[in-house]
Amino acid sequence: MARRVLAGPARLGRTRLVAVDGPSGAGKSRFAARLADALAGPLGGRPPVVHTDDLLDGWDDQITFWPRLDRGVLAPLRRGEPGAYRRYSWVRQRFLPRPVPVPVAPVLVLEGVTAARAVVRPELTLAVFVTAPAPLRLDRAVARDGLEILPELRRWHAGELAHFAADETAIHADLLVDGAPTLPHDADRYYVRIG
């Protein structure tokens, strides 16, 4: 997979942008981390990974955060300049004051719900859509964040479904990944491709 990314064209300035999208709890973060690790060797260092959850202004900013990402990260990289963003604290319910730098790098991995949306597709080197069965995704999210998030999470899941249907994200992905494969495989080294 790392070789495939590096063989692809840089379409965001000098950067190859990889979007790892899919519904909450599907395994996007794990896939993005493994891809970044795999790229570290050929690149001589791990590429930056930006998580869209860090850019959201709370639960109601599920889709509308994009201008913040574009202004702070994508637009500077288009110009060949480093970007930055302020990370949202879900505990404090506000953005933290210290900016997170995003250097100009050969690869940037953008991970999170709506990361491969239509507006950015022309700039993507690779669009990945990770999926898993809804009950498992719900169990994973509750295990990660606690039962108290259930009301917001159910609303979030409805928003995801509406966005993915309207955006046709999975249809336009270059790679569909099973985030909960039952096939025997070495999960530390391989993913299971759906399509």
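Preceding this paragraph is the structure being described.
Moving on to unusual backbone geometry. Of note, the phi angle at Gln93 is positive, near 60 degrees, even though the residue is not glycine. Tracing the backbone through its elements, the reader meets Gln93 in the loop between strand S3 (83–89) and strand S4 (94–102). Look at Gln93 and you get exposed, because its relative accessible area is 61%. Even without being a glycine, Glu168 presents a positive backbone phi close to 55 degrees. In this fold, Glu168 is placed in the loop between helix H5 (150–167) and helix H6 (169–172).

Relative to the helices and strands, Val107 is located in strand S5 (residues 107–111). The exposure class assigned to Val107 is buried, which follows from its relative accessible area of 0%. C-alpha of Val107 to C-alpha of Ala2: the two residues are 105 residues apart in sequence and 10 Å apart in space. Each residue touching Val107, except ones within four places of it in the same chain, is listed here: Val5, Leu6, Thr15, Arg16, Val18, Leu39, Leu43, Pro47 and Pro48.

Spanning 16 residues, helix H2 (residues 28–43) covers 22 Å between terminal C-alpha atoms, matching the ideal 22 Å at 1.5 Å per step. By the burial criterion, the buried members of H2 are Lys28, Phe31, Ala32, Leu35, Ala36 and Leu39. Down the axis, H2 shows its buried residues gathered within 130 degrees of arc, on one side only. Projecting away from the buried face of H2 at angles above 90 degrees are the exposed residues Arg30 and Gly41. Against the buried residues of H2 lie helix H1 (2–7), strand S1 (16–21), strand S2 (49–51), S5, strand S6 (124–131) and strand S7 (175–178).

Leu17, Val50, Leu69, Val73 and Leu74 are the most contacted members of the largest nonpolar core, which totals 27 residues. Of all the secondary-structure elements, those providing two or more residues to this core are S1, helix H3 (66–78), S4, S5, S6 and H5. Ranked by residues supplied to this core, first place goes to H3 with five residues. Setting aside chain neighbours within four positions, we find Leu69 in contact with Val50, Leu55, Leu74 and Leu110. Membership of the second largest hydrophobic core comes to 20 residues, among which are Val20, Val128, Leu175 and Ala180.

Calculation notes
- Think of each chain on its own: its residues are numbered from 1, step by step along the sequence as written.
- Per-residue local features are limited, in this predicted model, to residues with pLDDT of at least 70; the limit for side-chain atom pairs, both in listing and counting, is 80 or more; totals at the level of whole chains, interfaces and linings are taken over all residues.
- Excluded from the side-chain calculation are hydrogens and water; included are all heavy atoms of the structure.
- Secondary structure is summarised from DSSP: a helix means a run of H or I of at least four residues, a strand means a run of E of at least two, and numbering begins at the N terminus for each.
- Any residue under 20% of the maximum accessible area for its type is buried, any over 50% is exposed, and the rest in between are partly exposed; the area is computed with a 1.4 Å probe on protein chains only.
- Whether two residues touch is decided by their heavy atoms; if any such pair falls within 4.5 Å, the residues are in contact.
- To estimate how far a helix should extend, the number of its residues minus one is multiplied by 1.5 Å.
- Each C-beta atom gives one direction from the helix axis, and the arc is the one those directions make.
- Side-chain atoms within 4.5 Å are what join buried Ala, Val, Leu, Ile, Met, Phe, Trp, Tyr and Cys residues into a set we call a nonpolar core.

Fair warning: the whole summary comes from geometry, so function is off the table for now.
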